Amino acid sequence: MMYSIAICDDDNLIIEQIADCLHKAFNQHNAEVIIDYYNSGDKLLLSIDNTKYDIILLDINMEPMDGFGVAGLIAVKDKNAKIVFVTSHEEVVYDSFDYRPFYFIRKSLYSSYVERMVNKFFKIISHETDVLVENHNSIIKVNSSDIEYAESEDHYITIHTHDGDYVLRKKLSDFEQEMSGFNMARAHKKYVINYQYVRKVDYVSGEVIMKDGKKLKLGRSYKDTFKKGLVQYHRTL
């Protein structure tokens, strides 16, 4: 399997060192990796419209646009992007949490951090799969990690993703079974929800609050299993 990674840093030496570690870490998982290099956030942002990366490594202390600014603009284009911040200033790690990074690499210990980041990446994607949907008279694949939730209506379900909605003629119970083990769970007789897009659960009002602010009903009979699954999901992060 081939994966694609972008490294954005204005320090050529650290780029070479991290790239070497990435190749070794992916090789341990019997996988290959293509790495693109950028020495400024502007150049990376220009390429992202045409290139989808599995992981994007950003140096926080770049000029004129720092890594936080680049991450914010990347999130507009792809809010599901796996952003990894790289820095020698460990005190900024807490500031990075606003951007929901996939990982944080300390330059002083880059080798061990890269290995741990890659191990986490493969653990996460082991819980992803593809769903075949119809789109304008053609069949396309939608990765399960892109699905925010599925909604049942009569004999159809609507797959809601951040790129659009797709309608399938399928029972929600069948979809639920197919997505078992892929970070999704039944939350209501009408909904199967991806834990990845849940901001919080309001057990008083009986609602699941999604990261985009949308509120979905949490069925009483599904509350305990949904809560347990959400806790287990967060433990894997």
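Use the structure listed above.
Visitor: Could you give an account of the pattern of salt bridges, naming the residues involved and the relevant values?
Guide: If you walk through the whole model with that rule in mind, you get nine salt bridges. K24 is paired through a salt bridge with D20; the nearest N and O atoms lie 3.3 Å apart. One end of the pair is K24 and the other is D20, both in helix α1 (residues 12-28) and four residues apart, which spans about a single turn. Among the residues examined, K24 registers a relative accessible area of 52% and is labelled exposed. For E178, the salt bridge goes to K170, with nearest N and O atoms at 3.0 Å. What makes E178 partly exposed here is its relative accessible area of 39%. Among the charged side chains, a salt-bridge network with shared partners connects D9, D59 and K107.

Visitor: Which residues make up the sheet that holds strand β2 (residues 32-38), and what values do they have?
Guide: In spatial order, the strands read β2-β1-β3-β4-β5; together these five strands make up an open sheet with parallel pairing. Across the chains shown, the open sheet's two edge strands, defined by having one partner strand only, are β2 and β5 (103-106). Averaged over all pairs of adjacent strands, the angle between strand axes in this sheet comes to 20°, irrespective of strand direction. As judged from the four bridges shared by strand β3 (residues 55-59) and strand β4 (residues 83-87), these two strands associate in the parallel manner. What sits directly across from D59, in β4, is V86. Lying on the sheet, helix α5 (residues 110-125) is in contact with β1 (2-8), β3, β4 and β5; it crosses β5 at an angle near 165°.

Visitor: Describe unusual backbone geometry, and please don't skip the residues or the numbers.
Guide: Glycine aside, negative phi is the norm for most residues, and most peptide bonds take the trans geometry. Backbone torsion omega between E63 and P64 reads 0°, so that peptide bond is classified as cis. Note that P64 resides in the loop between β3 and α3 (67-77). Phi angles above zero are rare outside glycine, and N183 is one such case at about 65°. Within the secondary structure, N183 sits in the loop between α6 (172-178) and β11 (184-188).

What counts as what
- Counting restarts for each chain: residues are numbered from 1 in the order of the written sequence.
- Thresholds applied to this predicted model are a pLDDT of at least 70 for local features of residues and 80 or more for the giving and counting of side-chain atom pairs; totals over whole chains, interfaces and linings are not thresholded and use all residues.
- With hydrogens and water excluded, all non-hydrogen atoms of the structure serve as input to the side-chain values.
- Salt bridges, as used here, are contacts in which a Lys or Arg side-chain nitrogen is within 4 Å of a carboxyl oxygen on Asp or Glu.
- By the criteria applied, helices consist of DSSP H or I runs no shorter than four residues and strands consist of E runs no shorter than two, each listed in order from the N terminus.
- In this scheme, a residue with accessible area under 20% of its type's maximum is buried, one over 50% is exposed, and one in between is partly exposed, where area comes from a 1.4 Å probe on protein chains only.
- When DSSP finds two or more bridges between two strands, those strands count as paired.
- To obtain an axis, a line is fitted to C-alpha atoms, over the contacting stretch when the element is a helix, and the angle between two such axes runs from 0 to 180 degrees between their N-to-C directions.
- The contact criterion used throughout is that any non-hydrogen atoms of two residues lie within 4.5 Å.

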